[in-house]
Every structure is written in C-alpha cells, then in structure tokens.
Amino acid sequence: MILGEDIKRARQALISGGLVAIPTETVYGLAANGLESSAVAKIFKAKNRPNYDPLILHIGSIAQAELSAEFHEDAKNLAAAFWPGPLTIILKKTAIVPDIVTSGLDTVGVRMPNHKLTQKLLESLEFPLAAPSANPFGYVSPTTAQHVADQLGDQVDFILDGGPCQVGLESTIVDMSHSSYEILRQGGIPNEAIFKVLGEIPVREESSSNPKAPGMLENHYAPTAELVVGDISQLIEKYTEKRIAVLGFQSTYGKEGIALSPSGNLEEAARNLFAALRALDRGNYDLILSEWMPNTGLGKAINDKLKRASRKD
Ligand code: TXA
Ligand code: MG
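Everything in this summary refers to the structure shown in the same document. Since we're looking at a predicted model, the values are computed, not measured.

How each quantity is defined
- Residues numbered from 1 in each chain as written.
- Chains lettered and ligands numbered in written order.
- Predicted model: local features only at pLDDT ≥ 70, side-chain atom pairs only at ≥ 80, totals over all residues.
- Heavy atoms only, no water.
- Helix = DSSP H or I, 4+ residues; strand = E, 2+ residues; numbered from the N terminus.
- Rg over C-alpha atoms; globule rule 2.2 N^0.38 Å.
- Buried < 20%, exposed > 50% of the residue type's maximum accessible area, 1.4 Å probe, protein only.
- Contact = heavy atoms within 4.5 Å.
- Areas by Shrake-Rupley, 256 points an atom, 1.4 Å probe, with all protein chains shown as cover.
- Lys, Arg positive; Asp, Glu negative; His and termini not counted.
- Charge placed at Lys NZ, Arg CZ, Asp CG, Glu CD.
- Pairing = 2+ DSSP bridges.
- Axes fitted to C-alpha atoms, helices over the stretch in contact; angles between N-to-C directions.
- Polar contact = N/O pair within 3.5 Å; in protein donor to acceptor, adjacent residues only side chain to side chain.

**A short note on the overall build of the chain**
Here comes step 1: Regarding its fold elements, the chain presents eleven helices and 14 strands.
Here comes step 2: Relative to the 2.2 N^0.38 estimate, which gives 20 Å for 313 residues, the radius of gyration of the chain is 19 Å and therefore close to what a compact globule would have.
Here comes step 3: Taking the principal axes of the C-alpha coordinates as reference, the chain spans close to 60 × 50 × 35 Å.
Here comes step 4: By residue count, 57% of the 313 residues in the chain fall in the buried class.
Here comes step 5: For the chain, long-range pairs separated by at least 24 residues make up 66% of all intrachain contacts whose partners lie at least 6 apart in sequence.
Here comes step 6: For the chain, the accessible area works out to roughly 13,000 Å², and carbon and sulfur atoms hold 48% of it.
Here comes step 7: In the chain, 30 side chains carry a positive charge and 37 a negative one; their mean positions are 2 Å apart.

**Side note on the sheet that holds strand E12 (residues 244–248)**
Here comes step 1: Taken together, four strands build an open sheet; the order of strands is E11-E14-E12-E13 and the sheet is parallel. The outermost strands of the open sheet, each flanked by one partner alone, are strand E11 (226–229) and strand E13 (257–259). Between one strand and the next, the sheet's axes are offset by a mean angle of 20°, whatever the strand orientation.
Here comes step 2: As paired elements, E12 and E13 share three bridges and run parallel to each other.

**Some points on the pairing of strand E10 (residues 182–185)**
Here comes step 1: As paired strands, strand E9 (residues 172–175) and E10 are joined by three bridges and run antiparallel to one another. Paired with Ile 173 across the bridge in E10 is Arg 185.
Here comes step 2: Between the end of E9 and the start of E10, which pair antiparallel, lie six residues.

**Describing the sheet that holds strand E5 (residues 87–92)**
Here comes step 1: An order of E1-E8-E2-E3-E7-E4-E6-E5-E9-E10 is seen for the ten strands of this open sheet, with the pairing classed as mixed. The sheet terminates laterally at strand E1 (3–4) and E10, the two strands that pair on one side only.
Here comes step 2: Both strand E3 (residues 29–33) and strand E7 (residues 129–130) contribute to a ladder of two bridges, which runs antiparallel. Of the residues in E7, the one forming a bridge with Ala 32 is Ala 130.
Here comes step 3: Against the sheet, helix H1 (residues 7–15) contacts strand E2 (20–22), E3, E7 and strand E8 (158–160), and its axis sits at roughly 135° relative to E8.

**So, the environment of Trp 83**
Here comes step 1: Take Trp 83: it is sitting in the loop between helix H4 (73–82) and E5.
Here comes step 2: Here the alpha-carbon distance between Trp 83 and Asn 114, two residues 31 residues apart in the chain, equals 7.5 Å.
Here comes step 3: When sequence neighbours within four positions are dropped, the list of residues in contact with Trp 83 reads Ile 59, Ile 62, Ala 65, Phe 71, Ile 89, Val 110, Arg 111 and Met 112.
Here comes step 4: Among the polar contacts listed, one links the side chain of Trp 83 to the backbone oxygen of Leu 87, at a separation of 2.9 Å.

Structure (structure tokens):
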C-alpha cells in the first residue's frame, strides 16, 4: 500500500533520496531531501514543473531554518507570530541550499508547517524538505491523500496520510529578502493579520512576464473544466444551453453544484475549495459557474484563486 501513516517508512524513503507526499495544514506537498540535488530533480520531473519555478523548504525548527536562510529580526518576529502555520518567508539563502531548489535565485522560501505527522517526520530528519504542492503543474492543489494518489500515485514512493488539510489554501508568501517587504502570494493567513505584525505592505495582485512567484501565473490552480466567475443569476441566464454546475458560497441557487459553506464561514469555504473544484471537474459539466466570495479575510485569497483558475490564456 502506497498510502499510510507510517512515519518510519516516509523517513526511510526520504533518506534514500525518494519522493514522499506529506500532509500539511495548507495542502499536501511533494517532498524530497532539500539539500540533495538529485532527489529534488525528481520533484520537478514528477510534477512536470518548469525548472524556473523555485521550491520552498519545509523545516521543523528555527535552528533548521537558520541553516538554510539568513534570518533577520523582522523575519523572526513574523515567524514567531505565525509558525508553525501557513506562512512562507522568502529570505537570502545560505550556501548549503542547492541551486535547483531556488531555480538559481539567491533567495529561498522557508516554512514551518503545522501538522503533527509532518512535524514528527521533520524532527526525525537531518535535512529540510523541499516540497511544492503535490499536484501536476498548473492543476488544483491536493487537500487529501487520495487527491495525491489519484494524480501522482505512480510517481511517489509513499504518501503519508494525515487526513484532510485543515486550512485548504496554500501558505501566504511574504518576501523579506530585501528592505521593501511584499506579499507575493495570498494564502492561508489573511493579509490583515500580516499587516498587524509588519505594518501595511504591498500585495502582489497580478502576474508579470517574469513573475517573482510563478504561483502568481494567471492560469494556475485551474480545473480542466472551464470556470466562469461572476454574478450567478446573470451567468445562469447567459448559459442556458450548457450543462452547468454552480460553485456557491452559501448556496447553489437551486442548481447542481457545491456550496462551500452553507453557514457562511470563510475558513470552511477555504477548506472545501480545492476538493470542490476537483469534484466538479469530475462531473462532466460544460461549465462551472462560481460567485465571488465576500472580499474580506480568507475570502480575498479564495477570490484570488478563483480569478487565476478562471483564466484560460
Ligand atoms: O502551503 C504551501 O506553501 C504548500 C505546502 C506544500 O507547503 N506549498 C506550495 O508550494 O504551495 P508551491 O511550490 O506549489 O508554491 C510555492 C510558490 C511558487 O509559486 C514559487 O514560485 C514561489 O513559491 N517561490 C518559491 N521560492 C521562491 C523565491 N525564492 N522567490 C520567490 N518566489 C518563490
Ligand atoms: Mg503549487
């Protein structure tokens, strides 16, 4: 069985240079020894990920983070507020981090995930784990072990099953590698919470031709089915000819589909988002119609994902 809770097996596979899918509070990661170029290369191959898109390092302690990145006072304060948790900090890298991890950049992303099994695993290892989300490049991130098995089951040595992810959105990425700090990717920690610690800093909304965080690429996090976001009543009238499914916040407006949180809770909506997109993608619909979530707290990060998932360039 490739899927299970056996930390020793995960550890052994990683020490041998293999690939292990790991649970985190955000999404499942596709992990390898982050200090071993040949192991990291397997991640890019399995995901079909372009080598210009850098990986983040997952660490179990601040001491481990300090081996990989130049931690300054502000970074320590931000880490103290949110680690373990859905925050990735970009910092100047140290010499031990191989170029393949950072795509040749002089900076590296580090994150301490908040998941018991993965924390135990990290504590048992002498190296950080390089891990992107465990999905084929460009597709929706996995929030259960089964999602990983469905798409990458034949590419990994083991899937450490830690249950469904509790946050359900990827980590918020804050670039602190130079003096002007910036949120590069909205995620599991709302922007406002970051501002409380750092003061207000810019939030990167759009991708550029040379994106600093290629997770910012517009056509990203996308299901295969076409996704249109807007006013549901208007969209339903517009697309009467098509087989549609509705992805709603609190209801599906009497149509087939999924309501992300009938009680109107944005944390719950975030937790359900990626599984809902996968389920609707399997449903043989011509179109998925989604509404915008309330644009506050995690709603902003959800809307950012919907915006990117709905573009087909
Ligand atoms: O929640 C998460 O962050 C999940 C879990 C597994 O930890 N990981 C994740 O990794 O979402 P990934 O590779 O799917 O997204 C990381 C993003 C990518 O868009 C990458 O381009 C960006 O982080 N990134 C990594 N290193 C960077 C760097 N040095 N400078 C700027 N962006 C960087
Ligand atoms: Mg990803």
